[in-house]
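# Per-entry structural report
The primary structure of each chain is shown beneath.
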Amino acid sequence: QADPQITALVKGRQCRPAVVVCDWRLGGEPDGVAVARALQETQGAAIVFVTAHPLEELRDATSDLLVAHYFGKPLSLPELARVIGALRGHPTKN
């Protein structure tokens, strides 16, 4: 069985997502930043990060990426849906 990170890269290249929601520390290599970087570089995807770790550390780790939004955990699913909708050009009600 493939690691979730490798699966995300393969599926991302197949599906060409407009938005990628990625957890920072996925528990293995590559980490979420590497996955997001690869998908942004190859697919031009907008990146949304989710983490239970300090957001400032994540911002430092992603300073070379264009990150659309950062969420700390626990996150609000309605807020996540609103952000994804806005990034896709389909705003949702609050």
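Presented here is a report on the structure given in the accompanying data block. The structure presented is a predicted model; accordingly, all values stated were derived computationally and were not measured.

## Concerning the overall build of the protein chain
Helix and strand counts for the protein chain come out as 4 helices and 3 strands. Listing the helices and strands of the protein chain from first to last along the sequence gives α-β-α-β-α-β-α. Here the C-alpha radius of gyration of the protein chain, 13 Å, is about what a compact globule of 94 residues would show, namely 12 Å. Taking all contacts inside the protein chain whose residues are at least 6 apart in sequence as the whole, residues at least 24 apart take part in 55%. A total of about 5,700 Å² of accessible surface is found on the protein chain, and carbon and sulfur atoms cover 54% of it. Side-chain charges of the protein chain comprise 10 positive and 10 negative groups, with the mean position of each set lying 11 Å from the other.

## Description of the nonpolar core
Val-20, Val-33, Phe-49, Leu-58 and Leu-65 are the most contacted members of the largest nonpolar core, which totals 16 residues. Mapped onto this core, the elements with two or more residues apiece are β1 (19-23), α2 (32-43), β2 (46-51) and β3 (67-72). Among the elements that take part in this core, α2 stands out by supplying 5 residues, more than any other. Once you skip the residues sitting within four places of it in the chain, Val-20 turns out to touch Leu-39, Ala-45, Ala-46, Ile-47 and Val-48.

Criteria and thresholds
- Residues numbered from 1 in each chain as written.
- Predicted model: local features only at pLDDT ≥ 70, side-chain atom pairs only at ≥ 80, totals over all residues.
- Heavy atoms only, no water.
- Helix = DSSP H or I, 4+ residues; strand = E, 2+ residues; numbered from the N terminus.
- Rg over C-alpha atoms; globule rule 2.2 N^0.38 Å.
- Contact = heavy atoms within 4.5 Å.
- Areas by Shrake-Rupley, 256 points an atom, 1.4 Å probe, with all protein chains shown as cover.
- Lys, Arg positive; Asp, Glu negative; His and termini not counted.
- Charge placed at Lys NZ, Arg CZ, Asp CG, Glu CD.
- Core = buried A, V, L, I, M, F, W, Y, C linked by side-chain atoms within 4.5 Å.
- Buried < 20%, exposed > 50% of the residue type's maximum accessible area, 1.4 Å probe, protein only.

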